[in-house]
Amino acid sequence: MALRDTHVTLAHGGGGKAMRDLVEEVFARVFEPPGMEDQARLMDAALAEPGARLAFTTDSFVVTPLEFPGGDIGKLAVCGTLNDLAVGGARPLWLSAAFIIEEGCEIALLARVAGTMAREAAAAGARIVTGDTKVVGRGAADGLFVTTAGIGVIPPGRDLGAARIRPGDVAIVSGRLGDHGAAILAARGDLALSTDLISDCRSLAGLMEAVIRAAPGTSAARDATRGGLAAALNEMAEAAGVGVEIEENALPMAEEVRGLCEILGLDPLYLANEGTLVAFVPEDQAEAALAAMRGTEAGRGAVIIGRAVSAHPGRVTMTTLFGGSRIVDMLVGEQLPRIC
Amino acid sequence: MCLGIPGQILAITDEARQLALADVSGVRREVNVTCIAEGPLEDLVGCWTLIHVGFAMSRIDAEEAEATLRALREMGEAQAALEEMEAGRAALTEGTAPGPTR
Amino acid sequence: MKYASEFRDPVAAKAVLAAIARTAEGIGATREKPLHIMEICGGHTHAIFRYGLDKLVHEGVEFIHGPGCPVCVLPMSRVDEALQIAARPEVIFTTFGDAMRVPGTQGSLLQAKASGADIRMVYSPLDALEIARRTPGREVVFFGLGFETTTPSTALSIQQAAREGLGNFSVFCNHITVPEPIRALLDDPDMRLDGFIGPGHVSMVIGTHPYDFIARDYGKPIVVAGFEPLDLLQSVLMVLSQIAEGRAEVENQYARVVPEHGNQVSLAAIADVYERRPSFEWRGLGEIDASGLRIRAPYRAFDAEAKFGVGYGAGPRQVAEPEGCACGAVMTGKIKPTACPQFGRGCTPERPLGALMVSSEGACAAYWQYGGARAAAE
């Protein structure tokens with residue numbers, strides 16, 4: 001093992017031997033085979049199938065803390081990219097991973113992050129085939145930023161998209177809402193709140209395949225990440241030109257998430273999820289989709305939360321716990337804790 | 001104004017600064033208990049309190065809570081009776097006897 | 001959640017709603033001639049919209065959203081002063097999240113943070129105290145905001161800092177009180193309110209008697225209410241019953257939390273640390289006599305106004321409110337938020353012009369968030 005340092009220095013970004021050691025021993029070694037090439041040459045039989053289409057996505061990831069209950073920034077990045085592909089009906093094949101590392105970052109941490117990334121990609125049948133590292137001075141980044149891109153293939157005949165949602169389609173969420181957002185808020189420590197909550201960060205690739213097999217008519221799915229369920233539903237309603245009606249009673253949520261939201265005056269509908277999706281499925285296939293989801297680890301908590309309607313196109317409404325009704329709009333800015 | 005939330009005192013954490021650990025639906029936070037302390041702080045363990053910005057502001061009176069709920073329940077029962085009477089009357093005027101709908 | 005979920009029972013709600021409808025009809029309230037019930041507190045406003053209570057109650061009951069949102073009524077000049085303090089290099093400026101977006105004439109704390117000021121959101125003044133302990137080389141200022149509910153927390157924090165000799169901790173005090181603006185509202189000759197829902201968490205500190213004047217001098221019913229939907233509905237029913245029976249009293253629906261005489265420890269801490277200012281400016285309402293608090297001389301060392309020379313009255317007062325802003329008329333119940341010419345045009349939650357769009361508890365922001373904006377545009 002040539003790498004003797006415990007922390008990253010600017011030397012690891014200098015293009016010399018130190019950099020080569022870092023890349024090879026921390027990243028390339030686990031992203032086999034043969035990870036972190038500058039240029040990956042890709043070939044896959046699935047691409048040759050007539051009617052198959054490529055899916056391509058990219059995302060950047062920042063999170064504080066870098067390691068949190070239920071995951072780390074690497075898992076977040078890989079699962080985020082896998083999920084972006086999966087909800088579009090694509091089977092993930094290849095990923096890229098680029099790292100902006102703040103000087104002083106612990107090398108053991110990088111190794112743990114790289115390890116999670118390799119494991120998560122492999123579990124979904126994808127490989128990390130290219131990548132890059134840059135080291136920046138102290139204060140120029142917050143520990144570690146990760147950018148991933150992903151390529152997948154959409155098999156012939158599959159056509160998922162928010163525009164395909166029709167009135168009558170049933171809305172299903174794959175699990176509890178808000179676990180990630182609440183777990184991160186607590187893990188950050190500045191609010192001095194502690195919980196046993198674990199982020200829902202996980203790959204939904206297997207779950208999506210199961211849903212599409214069981215309910216081939218599935219109109220669309222979206223992972224409810226930033227902006228939470230509210231953002232996902234609003235985007236879908238708008239793209240489809242349908243209204244969406246959900247039942248507050250039906251929303252699956254951990255007691256701790258509710259508690260945290262009550263304490264800080266937050267609305268759980270806007271909390272981020274990193275392993276929970278919402279799918280719209282024709283009514284006659286809803287039970288099959290639900291059963292398929294529940295048959296996967298990621299979808300054990302799946303439930304029907306509402307449906308698409310022809311009324312109020314582009315708008316999401318919710319029947320409150322109380323039988324009242326209110327509009328669920330997109331969030332204006334960031335949700336801030338409040339006292340009043 | 002003034003978000004307040006019921007929580008239960010789990011343990012005293014800092015006697016001198018009058019701090020205790022409180023639980024709100026599985027979320028734990030250190031709170032100041034000066035406003036609800038009457039006797040020894042240890043007596044507060046198990047106590048339900050209304051928490052606002054990290055301060056236990058008031059003890060929750062279980063009897064008063066029950067009285068409010070009882071009043072609400074009675075209102076519910078009265079309403080149910082009323083609706084039953086009205087349904088009966090409506091059925092009579094329509095010339096059919098009230099019966100189970102399904 | 002104990003002491004919360006029981007008060008969200010939809011079955012019980014049905015009965016209360018039916019009783020409200022019967023009572024409202026008995027009084028002769030109609031959609032055209034509704035009873036105007038003001039919920040003073042922004043927390044109540046928020047709950048009304050969150051549970052859709054405004055659409056569930058009989059059409060003869062109209063909620064008027066009162067001035068009880070402390071960040072909404074914070075005058076622009078005070079935000080400017082907060083920014084001045086926060087801009088000092090030695091200062092760590094700590095605040096509740098609510099205040100981050102409130103615009104002054106020079107922008108908001110959120111913008112100042114982006115420009116490099118050390119501004120930190122905290123959940124509690126206790127957390128600001130802890131930052132002060134851990135960073136002795138810096139001046140830690142806490143943005144003291146809120147009504148009587150929140151005032152004890154900063155009073156106790158100042159007392160604690162004094163005990164510890166924590167010289168680098170201070171509070172920028174903007175605490176305000178509830179009864180005075182209510183009196184100002186009631187003195188307005190154009191005012192048409194039939195009753196009040198009183199802020200339960202304020203009364204948890206001050207008790208119910210500070211509202212006696214509302215019933216005694218102005219003949220209006222007031223019911224101190226809890227924050228769960230059933231609490232609110234029951235309180236509406238209690239107000240209506242008073243009207244129906246020709247009574248005007250102070251009643252306490254929230255007895256599980258509110259003692260008649262308040263919390264003596266809290267009141268003692270407030271009296272020890274704070275005194276009334278001759279008057280204080282309320283955004284949208286103007287100057288109101290004796291409605292604001294300042295830190296007493298013995299605690300001067302913990303008073304950010306004294307420490308940084310930004311005392312109330314030190315600079316020019318009465319920063320002009322934005323043109324066309326009708327917050328005052330909304331807050332006094334004269335017009336609905338959607339009737340304001342700036343609503344959704346010059347004034348949105350992203351770029352709030354007026355007080356009531358500033359915090360999610362402001363009536364305009366609540367209208368916007370829960371769809372009033374879109375409904376109005378259609």
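Moving on: the sheet that holds strand 7 (residues 170-173) of chain A. Strand pairing within a sheet occurs via backbone hydrogen bonds; the two strands may be parallel or antiparallel. All names here are of chain A. In spatial order, the strands read 9-11-7-12-10-13-14; together these seven strands make up an open sheet with mixed pairing. Edge positions in the open sheet fall to strand 9 (220-223) and strand 14 (325-327), since each of these has one partner strand only. If you compare each strand with its neighbour and ignore which way they point, the axes differ by 25 degrees on average. Here four bridges tie strand 7 to strand 12 (residues 303-309), and the two strands are oriented antiparallel to one another. Within strand 12, the residue paired with Val173 across the bridge is Val303.

We now examine the pairing of strand 5 (residues 55-59) of chain B. Residues and elements named next belong to chain B. Burial within strand 5 is extensive, with four of its five residues counted as buried. Here four bridges tie strand 4 (residues 48-52) to strand 5, and the two strands are oriented antiparallel to one another. From the neighbouring strand, His52 faces strand 5, where its bridge partner is Phe55. Two successive antiparallel strands, strand 4 and strand 5, enclose a turn made up of two residues, where Val53 displays a positive phi of approximately 40 degrees.

Another point: the interface of chain B and chain C. Taken together, the contact pairs 39 residues of chain B with 54 residues of chain C. Summing the contributions of chain B and of chain C, the shared interface buries around 3700 Å²; its carbon and sulfur component is 68%. Connecting chain B to chain C are three salt bridges. A salt bridge links Glu83(B) to Lys14(C); its shortest N-O distance comes to 3.7 Å.

Our focus in this paragraph is the interface of chain A and chain C. Chain A puts 30 residues into the contact, and the matching count from chain C is 39 residues. Of the roughly 3000 Å² buried between chain A and chain C, counting both surfaces, carbon and sulfur atoms make up 57%. Of all residues in chain A, Phe322(A), Ile339(A) and Cys340(A) give up the largest surface area on contact with chain C, accounting jointly for 25% of the area buried on that side. Counting the contacts that link chain A with chain C gives two salt bridges. Across the salt bridge formed by Glu262(A) and Arg8(C), the nearest N and O atoms sit 2.9 Å from each other. If you look at where chain A meets chain C, you find seven residue pairs in polar contact (both at pLDDT 80 or more). Only helix 8 (255-264) and strand 14 of chain A provide two or more residues apiece to the side of chain A that touches chain C.

Segmentation of chain B into domains returns domain 1 (5-60) and domain 2 (62-93). Once you take the C-alpha centre of each, domain 1 of chain B and domain 2 of chain B turn out to be 37 Å apart.

What counts, and at which threshold
Residues numbered from 1 in each chain as written. Chains lettered and ligands numbered in written order. Predicted model: local features only at pLDDT ≥ 70, side-chain atom pairs only at ≥ 80, totals over all residues. Heavy atoms only, no water. Pairing = 2+ DSSP bridges. Helix = DSSP H or I, 4+ residues; strand = E, 2+ residues; numbered from the N terminus. Axes fitted to C-alpha atoms, helices over the stretch in contact; angles between N-to-C directions. Buried < 20%, exposed > 50% of the residue type's maximum accessible area, 1.4 Å probe, protein only. Contact = heavy atoms within 4.5 Å. Buried area = accessible area lost by both parts, 1.4 Å probe. Salt bridge = Lys/Arg side-chain N within 4 Å of Asp/Glu carboxyl O. Polar contact = N/O pair within 3.5 Å; in protein donor to acceptor, adjacent residues only side chain to side chain. Domains from an automatic or database assignment.

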